[in-house]
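Next come the chains, spelled out residue by residue.
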Amino acid sequence: MSEQPDPLSRFSEPTRTWFRAAFAEPTPAQAGAWASIASGNHTLVVAPTGSGKTLSAFLASIDQLLTTPTPEDKTKRTRVLYISPLKALAVDVERNLRAPLAGIRQTAERLSPGATGLPDVRVGIRSGDTPASERRTLTTRPPDVLITTPESLFLMLTSRARESLQGVETVIVDEVHAVAGTKRGAHLAVTLERLDALLAAPAQRIGLSATVRPTDEVARFLGGHAAVEIVA
């Protein structure tokens, strides 16, 4: 039997080293998701809670943000958009991103003492609870990763704030099964098409879902007119 390639081989050395120190090994969901994402496919990750779904979606983006120059044009700064149907989930994700961002940065400094530091990756949250002053800051000084809700994204795209989303490359939709097939989901589908119309090229979509059936319908919702690879 041929040996399976290392799922972590596509990441930078600091990211690989940090992951191996923090976890025993990638879960099957993570390995499958990373392969699909690296191929440029829209990807639906269907896996139970505790299978590392958040990192299955985010690690490729984090690695990219930490190893490529930050765009000087602030309208291109936000490259990753995370959409959560629940405001509380958005806060949890922001907290969960701190560990890999700080860990990979510290690992890079340990591996290459004295080297130029990694880019400063900023994470911002915009929801219905975000004060007006913070919303303005998110537009004038956009974060690298923006965590938001379907409704807040719609409001951004129908205001001058949409200018800050012109550099989005990856859209992660969490709990996608919770909105697929609902009125709220139909509204989100239109919003995602509106976002793509703003971009030079359509963003790669990554959906995260609990174990649901039929997965094909959730994938169709996620991709719109485009094909989606299902990692289940």
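Scroll up to find the structure.
Being a predicted model, the structure only gives us computed values, none of them experimental.

Would you mind going over the environment of E193 with me for this structure?
Position of E193 among the secondary structure elements: in helix 7 (residues 183–198). A relative accessible area of 35% places E193 in the partly exposed class. It is 8.2 Å that separates the C-alpha atoms of E193 and G224, two residues lying 31 residues apart in sequence.

So what exactly am I meant to see when it comes to the nonpolar core here?
The nonpolar side chains of a soluble globular protein tend to be buried with one another. Grouped together as the largest cluster of nonpolar side chains are 31 residues, with contacts concentrated most on F58, L59, L97, V145 and I172. Secondary-structure elements contributing two or more residues to this core are helix 1 (13–22), helix 2 (28–38), helix 3 (53–67), strand 2 (80–83), helix 4 (87–111), strand 4 (145–148) and strand 6 (204–209). The leading source of residues in this core is helix 3, at seven residues. If near-sequence neighbours (up to four positions away) are discounted, L97 is found in contact with F58, I62, V123, V145 and I147. Among the nonpolar cores identified, the runner-up in size contains 27 residues, and V46, I83, L153 and M156 belong to it.

What counts, and at which threshold
- Residues numbered from 1 in each chain as written.
- Predicted model: local features only at pLDDT ≥ 70, side-chain atom pairs only at ≥ 80, totals over all residues.
- Heavy atoms only, no water.
- Helix = DSSP H or I, 4+ residues; strand = E, 2+ residues; numbered from the N terminus.
- Buried < 20%, exposed > 50% of the residue type's maximum accessible area, 1.4 Å probe, protein only.
- Core = buried A, V, L, I, M, F, W, Y, C linked by side-chain atoms within 4.5 Å.
- Contact = heavy atoms within 4.5 Å.

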